[in-house]
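If you want the building blocks of each chain, they are given just below.
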Amino acid sequence: MEHISELTESLNGYFGWNKARMTCFVKMLLALIITRATNLNKLACAFASNAQQSSRYRRLQRFFSNFTIDYDMIAGFIFRIFFVSDGKWYLAIDRTNWQWGKADINILTLAIIFKGTAIPIYWELLDKKGNSDTLERIALIRKFVDRFGAKCIAGILADREFIGGDWFKWLLNNKIPFYIRIRNNTVATNSQGLEVDIDALFYGLTPREQRIIQGKRKLMGCELYLAGLRLSDGDLLIVATSESPEYAVITYGFRWEIETLFGCLKGRGFNFEDTHVTDIDRIKKIFVLLAIAFCWAHKTGEWQHAIKPIKIKKHGRPAVSLFR
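A brief structural summary.

1. Overview of the overall build of the protein
Phase 1 of the analysis: Regarding its fold elements, the protein presents 10 helices and 11 strands.
Phase 2 of the analysis: Against the 2.2 N^0.38 benchmark of 20 Å for 324 residues, the protein shows a C-alpha radius of gyration of 22 Å, consistent with a compact globule.
Phase 3 of the analysis: Seen through its principal axes, the protein has C-alpha atoms that stretch 75 × 45 × 40 Å.
Phase 4 of the analysis: A burial count over the protein gives 50% of its 324 residues as buried.

2. Some thoughts on the nonpolar core
Phase 1 of the analysis: Ile 78, Ile 121 and Phe 144 are the most contacted members of the largest nonpolar core, which totals 112 residues.
Phase 2 of the analysis: Considering every element that reaches this core, the biggest residue donor is helix H10 (residues 280-307), with 12 residues.
Phase 3 of the analysis: Ignoring sequence-local partners within four residues, the contact set of Ile 121 consists of Ala 75, Ile 78, Phe 79, Leu 110, Ala 111, Ile 112, Phe 144 and Phe 148.

3. Details of the environment of Gln 214
Phase 1 of the analysis: Along the chain, the position of Gln 214 falls in the loop between strand S8 (210-212) and strand S9 (217-219).
Phase 2 of the analysis: Among the residues examined, Gln 214 registers a relative accessible area of 64% and is labelled exposed.
Phase 3 of the analysis: For the pair formed by Gln 214 and Tyr 179, sequence separation is 35 residues and the distance between their alpha carbons is 16 Å.

4. Brief notes about the environment of Ser 54
Phase 1 of the analysis: Relative to the helices and strands, Ser 54 resides in helix H4 (residues 53-66).
Phase 2 of the analysis: A C-alpha to C-alpha distance of 7.9 Å links Ser 54 and Ala 44, two positions 10 residues apart in sequence.

5. Describing helix H2 (residues 19-35)
Along an α-helix, a turn takes 3.6 residues, which lines up residues three or four apart on a common side.
Phase 1 of the analysis: Helix length check: H2 (17 residues) gives 24 Å between terminal C-alpha atoms against 24 Å at 1.5 Å per residue, within 8%.
Phase 2 of the analysis: Among all positions in H2, only Met 22, Thr 23, Cys 24, Phe 25, Val 26, Lys 27, Met 28, Leu 29, Ala 31 and Leu 32 are buried.
Phase 3 of the analysis: By the N-cap criterion, in which a side-chain oxygen at the helix start approaches the backbone nitrogen of a residue two or three places on, H2 is capped by Asn 18, the distance to Ala 20 being 3.2 Å.
Phase 4 of the analysis: Following H2 by one or two positions, Arg 36 adopts a phi angle in the positive range, close to 55°.

6. What to know about the packing of helix H5 (residues 71-82) against H10
Phase 1 of the analysis: Put simply, H5 and H10 touch, their axes get as near as 11 Å, and they point 10° apart. By the angle between their directions, the pair H5 and H10 is classed as roughly parallel. Here H5 contributes Tyr 71, Ile 74, Phe 77, Ile 78, Ile 81 and Phe 82 to the contact with H10, which in turn contributes Asp 281, Lys 284, Lys 285, Val 288, Ala 291, Ile 292, Cys 295, His 298, Lys 299 and Glu 302.

Conventions used here
As a convention, each chain's residues are numbered from 1 in the sequence order in which they are written. Per-residue local features are limited, in this predicted model, to residues with pLDDT of at least 70; the limit for side-chain atom pairs, both in listing and counting, is 80 or more; totals at the level of whole chains, interfaces and linings are taken over all residues. Each side-chain value is worked out from all heavy atoms of the structure, with water and hydrogens disregarded. To qualify as a helix, a DSSP run of H or I must reach at least 4 residues; to qualify as a strand, a run of E must reach at least 2; elements of each kind are numbered from the N terminus. We compute the radius of gyration from the C-alpha atoms alone; for a globule the expected value is 2.2 Å times N to the 0.38, where N is the number of residues. Type-normalised accessible area, obtained with a 1.4 Å probe on protein chains alone, sets the label of each residue: buried when under 20%, exposed when over 50%, and partly exposed for intermediate values. The term nonpolar core refers to a set of buried residues drawn from Ala, Val, Leu, Ile, Met, Phe, Trp, Tyr and Cys, joined through side-chain atoms within 4.5 Å. Any two residues whose heavy atoms approach within 4.5 Å at even a single point are treated as in contact. In a helix, the anticipated span is given by 1.5 Å times the number of residues less one. Identification of polar contacts relies on pairs of N or O atoms within 3.5 Å, with a donor-acceptor requirement for protein atoms, meaning one able to donate a hydrogen and the other able to accept it, and with residues adjacent in sequence counted only if both atoms are side-chain atoms. Axes here mean lines fitted to C-alpha atoms, for a helix over just the part in contact, with angles spanning 0 to 180 degrees between N-to-C directions. These descriptions rest on fixed angle ranges, namely under 35 degrees for roughly parallel, over 145 for roughly antiparallel, 65 to 115 for roughly perpendicular, and the rest for oblique.

Below, the structure is given as structure tokens:
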């Protein structure tokens, strides 16, 4: 109970929830850390209470069905414990999705790149399966800009799903830098201004060879810089950017860190996919629990690493992640 009281006091200094709701949230947080499971039945088993397991389960259900959460406040709390307001950060936007029964769980997520992973800051449940559209992406970025400002965005990083003329134009018009991978069959202009398949601009690249295209090229109605890299497996990675392209490929590579985040929330961490909840509003609230648990684990890992550094293996990578 001592740890519950300390954590409740710490979180409530920022959230200002009533005592019963904060106590319930903290107990869920501790249960999540113990069980590494988002299944409410499993959380109820580890939920600190003298009540019967069925009563604990119903209490969790009521929390996620009845309680209204201020997601801007959650974003502010997460940002505050990792970042400073006058810094510049790369943001990765991506989806994580799975299916439970006939229900498609599809979460559009915006996260800040940080120390080999990404810190979740805003997320939206898409009431459909498949890709997000331009308006959904813009709405997510706007939430961040409204809360923290555009000046702290060093760049938006995104995979080939996140392309489109209207999307690119909005980012350009709002002076938000971006590094986004382009599909190899996209049409772009060559040095003579003629339209060609974009992969023709990178013809002849050998594995691990990179090429920077001089000057801007027109694609999807926008003038952008292009850089490409032939991957070791022979695939071609092409990055479109609003910025100087010399470091575009390296910068885009940080996008992978949001995949690391999803792994921590799912199979390599809290097993998000095991929840049987399908209501999108409740899943969005469960994501709050996972996001704060992830941040707590990561900050604890940073503290432990400072006391006893994580061993570096022969291949040059740490034995475990800060989160782990």
